[in-house]
Amino acid sequence: MSERNLRQEFLKGFFTENPVFVLLLGMCPTLGVTSSAVNGLGMGLATAVVLLGSNVVVALVKNLIPEKVRIPAFIVIIASFVTVIDLTMAAFVPDLHANLGLFIPLIVVNCIILGRAEAFASKNTVASSTVDALSMGLGFSFALTLLGGTREILGAGAIFGLPIPWLVDNPILIFIMPPGAFIALGFLIAAVNTARERVEVAAKRRARARAATQAALVTTPTVKGE
Amino acid sequence: MEYLVILISALLVNNIVLSQFLGICPFLGVSSRLSTAVGMGAAVVFVMTMATIATHLIQNLILVPLGLTFLQTVAFILVIASLVQLVEIVLKKVSPALYQALGVFLPLITTNCAILGVAILVVGRGYTLGQGVVFAIGSSLGFMLALYIFAGIREKLALLDIPKAMKGAPISLVTAGLLALAFGGFAGLV
């Protein structure tokens, strides 16, 4: 894979194929743990590590697994990495582990991870599967942090635990409660959709302009010749 | 009485979809028509109850006596995956029409985090088998209720004139948020 492709492959997870905003995968942890930016980031990174581990292992053993039992095999690989992350987080970041609670073991049923194993890692090399996992994992972390940050600013008047003047005295409590998760994500997705559309329209216009100049350059000499 | 409290709490107050955020994928994916919502809900009620019984027994008869509780995640997900496979095979034989409607979504029940989530919650809270079953039934009925109401709203939503940017997922999420707000009214019921 050329360097340019690799870069595109890496960037897709953030915008054009963002698992949360565009593909709408992994909605449960996205809504469940994003009451603050730190929780969102922690959950995102935990998921990214599991995704990286499972993508690499699936890409390594893809030729050894019989076609018919591949899904159960993938699930066992993913569940092992989740157990590792679960125990590691319980030992080193107990506070965050307690905050995320049930959603840590539930990484195992996060559709992004099984989805990437099935759709990407089982058909590609270890290197490109690593890039794919990093792209999707970090894109997921980015989306969760953005949503967590938005909800924390609006609902608690703080960002990463640091209070913001005025906002901290006038929090809109609903945003850190469950209904706020749905509403905030709805508006974020609408914003991302609009932004994506603008980018596409601009790209199309640029392409058309370029085609027009090229056409002009081609026709000019013939005009001169006459 | 105690069972009733668990049931009401799981069904309304701590609704699994709207306040616990479990099972959001099918909640958003299968809720565009009332008929599929009912089928999916029924499948979840059945699978969740079976899965809770199975995982409860495995936890207390195998994992705890042998000191293997760290295998919980791996063991539970495998049990649930095989159970879903079983339901799929039975449904294919017994009710081909329902299988046709749910065919795509049944395998997805494996990755429905509500099933695994409830199994882990039941074990984590130290419920007895009876309490666990009641909790599973309450949770899954809560899932069905939320899915049914939401599908009803979305059928109406399809006919409305919605701003372009909000079409599809965004308006569904905002609707779900308002529904969650309404369910907030049940707080303090038990």
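This text follows the structure it describes.
This text gives an overview of the structure that appears in the document. A quick note: this is a predicted structure, and the numbers were derived from the prediction, not measured. (Residues numbered from 1 in each chain as written. Chains lettered and ligands numbered in written order. Predicted model: local features only at pLDDT ≥ 70, side-chain atom pairs only at ≥ 80, totals over all residues. Heavy atoms only, no water.)

1. Some remarks on the overall build of chain B
Scanning chain B from N- to C-terminus turns up 9 helices and 0 strands. In chain B, the succession of helices and strands from N to C terminus is α-α-α-α-α-α-α-α-α. When contacts within chain B are restricted to residue pairs at least 6 apart in sequence, those whose partners lie at least 24 apart make up 76%. When the accessible surface of chain B is totalled, it reaches about 8,500 Å², and 72% of it is carbon and sulfur. Treating the 8 positive side-chain charges of chain B as one cloud and the 4 negative ones as another, the clouds have centres 8 Å apart. (Helix = DSSP H or I, 4+ residues; strand = E, 2+ residues; numbered from the N terminus. Contact = heavy atoms within 4.5 Å. Areas by Shrake-Rupley, 256 points an atom, 1.4 Å probe, with all protein chains shown as cover. Lys, Arg positive; Asp, Glu negative; His and termini not counted. Charge placed at Lys NZ, Arg CZ, Asp CG, Glu CD.)

2. Structural notes on the packing of helix H4 (residues 70–92) of chain A against helix H6 (residues 111–121) of chain A
Residues and elements named next belong to chain A. Here H4 crosses H6 at 130°, and the two axes come no closer than 10 Å. In terms of orientation, H4 and H6 fall into the oblique class. In this structure, H4 meets H6 at a crossing whose hand is right-handed. Of H6, the residues touching H4 (which contributes Arg 70, Ile 71, Phe 74, Ile 75 and Ile 78) are Ile 113, Leu 114, Ala 117 and Glu 118. Looking at side-chain class alone, the contact of H4 with H6 contains 7 nonpolar, no polar and 2 charged residues. (Axes fitted to C-alpha atoms, helices over the stretch in contact; angles between N-to-C directions. Parallel < 35°, antiparallel > 145°, perpendicular 65-115°, else oblique. Left-handed = near helix turned anticlockwise from the far one by under 90°. Nonpolar A, V, L, I, M, F, W, Y, C, P; charged D, E, K, R; others polar.)

3. Considerations on the environment of Leu23(A)
All names here are of chain A. The residue Leu 23 is located in the loop between helix H1 (3–11) and helix H2 (27–32) in this model. Residue Leu 23 is classed as partly exposed on the basis of its relative accessible area, which comes to 33%. Note: C-alpha distance between Leu 23 and Ile 112 (89 residues apart in sequence) is 9.2 Å. (Buried < 20%, exposed > 50% of the residue type's maximum accessible area, 1.4 Å probe, protein only.)

4. Comments concerning the side chain of Glu152(A)
All names here are of chain A. Within the secondary structure, Glu 152 is located in helix H7 (residues 126–156). Although buried, Glu 152 forms no salt bridge, and the nearest oppositely charged side chain, Arg 151, lies 9.7 Å from it. Once residues lying within four places of it in the same chain are set aside, the contact partners of Glu 152 are Ser 35, Ser 36, Ala 37, Gly 157, Ala 158, Ile 159, Phe 160 and Gly 161. (Salt bridge = Lys/Arg side-chain N within 4 Å of Asp/Glu carboxyl O.)

5. Structural notes on the interface of chain A and chain B
Interfaces are frequently sized by the accessible area removed from exposure as the parts join. The partner chain B presents 33 residues to the 33 residues of chain A that form the contact. Interface area for chain A against chain B, summed over the two sides, is near 2,800 Å², with a carbon-plus-sulfur share of 86%. Summed over the three residues of chain A that lose the most area to chain B, namely Cys28(A), Val109(A) and Phe182(A), the buried surface amounts to 22% of that side. For the interface between chain A and chain B, the tally reads 1 salt bridge. With its nearest N and O atoms 2.9 Å apart, the salt bridge here joins Glu197(A) to Lys164(B). Connecting chain A to chain B are 1 residue pair in polar contact (both at pLDDT 80 or more). Of all the secondary structure elements, the ones that give two or more residues to the side of chain A that touches chain B are H2, H4, H6 and helix H8 (178–225) of chain A. Of the residues assigned to the side of chain A that touches chain B, the class counts are 26 nonpolar, 6 polar and 1 charged. (Buried area = accessible area lost by both parts, 1.4 Å probe. Polar contact = N/O pair within 3.5 Å; in protein donor to acceptor, adjacent residues only side chain to side chain.)

6. Points about a nonpolar patch on the surface
Residue and element names in this part refer to chain A. On the surface, a nonpolar cluster with roughly 450 Å² of combined accessible area is contributed by Val 38, Leu 41, Leu 45, Leu 134, Leu 138 and Phe 160. Elements with a contribution of two residues or more to the nonpolar patch: helix H3 (37–61) and H7. Ranked by the residues each element gives to the nonpolar patch, the list is headed by H3, at 3 residues. Within the element layout of this structure, Leu 45 appears in helix H3. What makes Leu 45 partly exposed here is its relative accessible area of 40%. (Patch = residues over 30% accessible without salt bridge, like charges linked within 9 Å, V, L, I, M, F, W, Y side chains within 5 Å.)

7. Observations regarding the pattern of salt bridges
All names here are of chain A. Enumeration over the complete set of coordinates arrives at 5 salt bridges over all chains. The partner of Arg 116 in a salt bridge is Asp 132, and the shortest N-O contact between them spans 2.9 Å. Of this pair, Arg 116 sits in helix H6 while Asp 132 sits in helix H7, and the two are 16 residues apart along the sequence. On the basis of relative accessibility, which here comes to 13%, the residue Arg 116 falls in the buried class. Residues joined by salt bridges that share partners form a network here, namely Lys 12, Arg 116 and Asp 132.

8. Remarks on the side chain of Ser135(A)
Looking at where Ser135(A) falls in the secondary structure, it is placed in helix H7. If we skip the residues at most four places from it in the chain, Ser135(A) touches Glu9(A), Phe10(A), Lys12(A), Gly13(A) and Phe14(A).

9. Concerning the packing of H6(A) against H7(A)
Residue and element names in this part refer to chain A. One can describe the packing of H6 onto H7 by two numbers: an axis separation of 11 Å at closest approach and a directional angle of 150°. Comparing their axes, H7 and H6 come out roughly antiparallel. Relative to H7, the crossing made by H6 is right-handed. Every residue of H7 that contacts H6 at Ile 112, Arg 116, Phe 120 and Ala 121 is listed here: Ser 128, Ser 129, Asp 132, Met 136 and Phe 140. By residue class, the composition of the contact of H6 with H7 is 5 nonpolar, 2 polar and 2 charged.

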